Structures are given as C-alpha cells and as structure tokens.
Amino acid sequence: MGFDTVVAAIMVTAIIVTVAYTFLAGTTTIAEFSVESYKDAVNLAVKKLRSDIEILSIIYDNSTSEIIATFKNTGDERYPDFTEFDVIVYGRTSEGEMISFYVNSTVFSISKELINPGIFDPQEVAKLEAAQPLQNGTYVLLICTPSAVCDSVDFSV
C-alpha cells in the first residue's frame, strides 16, 4: 500500500464525514422548523378553543336605521379592543333580493364591565351599534372575534 492510497483513503473518509454532517445539519434544521410550525398551529388552535362569544339580543330601530346588539364573551380570551372584530349582515328582503355586506360603521362599547376597564374580559357584555339602513326582510347578524370564532342571530325588519 503506497502513500497515494493512504491519502486517497483519508480524503474519501473526510468527504463521507462532511456529507454526513451536512445531511444531519439539514435534517436537524428541518426538524426544528417543523416543530416550531407545529407549536404555532397548536397555539392558534388552543386560542381558538378558548375564544367564544354569544349574541344575547338584537334590535333594529327603523326610525334611526340602527342595529343594536348585545353580546357576551363566554370564552376565556381577553380582547384589548374591538378593532379586529368583524360584523357581517346578510339575508333576504321581502322582495326576494339576497343581500350581504360587511358593516364598517360600528361602535362597540362594554356595557357590563367587571374588571380591567376598557378590556373585553370573559363574562363581560358588550354592545354593538351600527347605522345600517335595511329594507323589510329577514336578516342574519354575524359577529366574529379576531380568532374567527363567530356567533349569529337572525332578525326581521
């Protein structure tokens, strides 16, 4: 066995070790990213499970064309403000026309404050006021939290 054979064996061993290390480092990185993505998905699912609202009442005032609804935070999640809440109204007029729209001009207020002023805590009741002219018909009010947990109730005009 000559010197060139020993050098070739050392080089092949070094290449195999380098390739193995690269493979293991890449596998570790992929595993870390997968674990982090899984943690984020689980945290989002838990947050969604902890969120819940219930619409208690709804009134449509024909004289002011205003929707007034009260709803309760029946989950365990706290909401520091209402900017990410979604309000959607859809339904059918008495003439049979289908209507669906996102309500932009909404005013939220906490009507039954228990703790933490200005924060919509669990078991607190909030009030929604939205100026929205509606024709005679049957409609559904849909209120959604930032984590996409919704509640709906139907009403007639």
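Residues numbered from 1 in each chain as written. Predicted model: local features only at pLDDT ≥ 70, side-chain atom pairs only at ≥ 80, totals over all residues. Heavy atoms only, no water.

Enquirer: Got a sec to walk through the overall build of the chain? Specific residues and values, please.
Expert: Secondary structure assignment for the chain yields 1 helix and 8 strands. Going from N to C terminus, the chain has its helices and strands arranged as α-β-β-β-β-β-β-β-β. Taken against the 2.2 N^0.38 rule, which gives 15 Å for 157 residues, the C-alpha radius of gyration of the chain at 29 Å runs more than 25% over that of a compact globule. For the chain, the C-alpha atoms occupy an extent of roughly 105 × 45 × 20 Å along the three principal directions. Looking at the chain residue by residue over its 157 residues, the buried ones come to 27%. Nonlocal contacts in the chain, meaning residues at least 24 apart in sequence, comprise 56% of its contacts between residues at least 6 apart. A total accessible area of about 10000 Å² is found for the chain, and carbon and sulfur atoms account for 61% of it. The averaged location of the 21 negative side-chain charges in the chain is 5 Å from the averaged location of its 9 positive side-chain charges. (Helix = DSSP H or I, 4+ residues; strand = E, 2+ residues; numbered from the N terminus. Rg over C-alpha atoms; globule rule 2.2 N^0.38 Å. Buried < 20%, exposed > 50% of the residue type's maximum accessible area, 1.4 Å probe, protein only. Contact = heavy atoms within 4.5 Å. Areas by Shrake-Rupley, 256 points an atom, 1.4 Å probe, with all protein chains shown as cover. Lys, Arg positive; Asp, Glu negative; His and termini not counted. Charge placed at Lys NZ, Arg CZ, Asp CG, Glu CD.)

Enquirer: I'd like to hear about the sheet that holds strand β7 (residues 137-144), residue by residue, with values.
Expert: As summarised here, the arrangement of the 4 strands in space is β4-β3-β7-β8, forming an open sheet in which the pairing is antiparallel. The open sheet has two edge strands, β4 (98-102) and β8 (150-156), and neither has a second partner. Strand-to-strand twist of the sheet, defined as the mean angle between neighbouring strand axes without regard to direction, takes the value 15°. The sheet contact formed by strand β3 (residues 86-93) and β4 spans 5 bridges and is antiparallel. Residue pairing across strands places I88 opposite Y102, the latter belonging to β4. (Pairing = 2+ DSSP bridges. Axes fitted to C-alpha atoms, helices over the stretch in contact; angles between N-to-C directions.)

Enquirer: Which residues make up the pattern of salt bridges, and what values do they have?
Expert: Here the structure, examined in full by the defined rule, presents 2 salt bridges. For D121, the salt bridge goes to R78, with nearest N and O atoms at 2.9 Å. Of the two residues, D121 sits in the loop between β5 (106-112) and β6 (125-131) while R78 sits in the loop between β2 (66-73) and β3, which places them 43 residues apart along the sequence. (Salt bridge = Lys/Arg side-chain N within 4 Å of Asp/Glu carboxyl O.)

Enquirer: An account of the packing of aromatic side chains is needed here, citing residue identities and associated values.
Expert: Tallied over the entire structure, the rule returns 13 aromatic pairs. With centroids separated by 6.2 Å and ring planes inclined at 40°, the aromatic side chains of F71 and F85 adopt a geometry described as tilted. Of this pair, F71 sits in strand β2 while F85 sits in the loop between β2 and β3, and the two are 14 residues apart along the sequence. Residue class for F85 comes out buried when judged on its relative accessible area of 4%. (Phe/Tyr/Trp six-rings, centres within 6.5 Å; stacked < 30°, edge-to-face > 60°.)

Enquirer: Tell me what's going on with the side chain of Q132, and back it up with residues and numbers.
Expert: Tracing the chain through its elements places Q132 in the loop between β6 and β7. For Q132, a relative accessible area of 17% corresponds to the buried category.

Enquirer: I'd like a rundown of the pairing of β6, residues and numbers included.
Expert: One ladder, built from 7 bridges, connects β2 with β6; its direction is antiparallel. In the sheet register, I67 faces β6, and the bridge partner there is A130. One ladder, built from 6 bridges, connects β5 with β6; its direction is antiparallel. Of the residues in β6, the one forming a bridge with T106 is A130.

Enquirer: I'd love a proper account of the state of the cysteines, names of residues and values included.
Expert: This model, assessed by the stated rule, comprises 1 disulfide. Here C144 is linked by a disulfide to C150, with a sulfur-sulfur distance of 2.0 Å. Since a negative S-S torsion denotes a left-handed disulfide, the C144-C150 link at about 105° is right-handed. (Disulfide = S-S within 2.5 Å.)

Interpretation in functional terms is not warranted from these geometric data alone.
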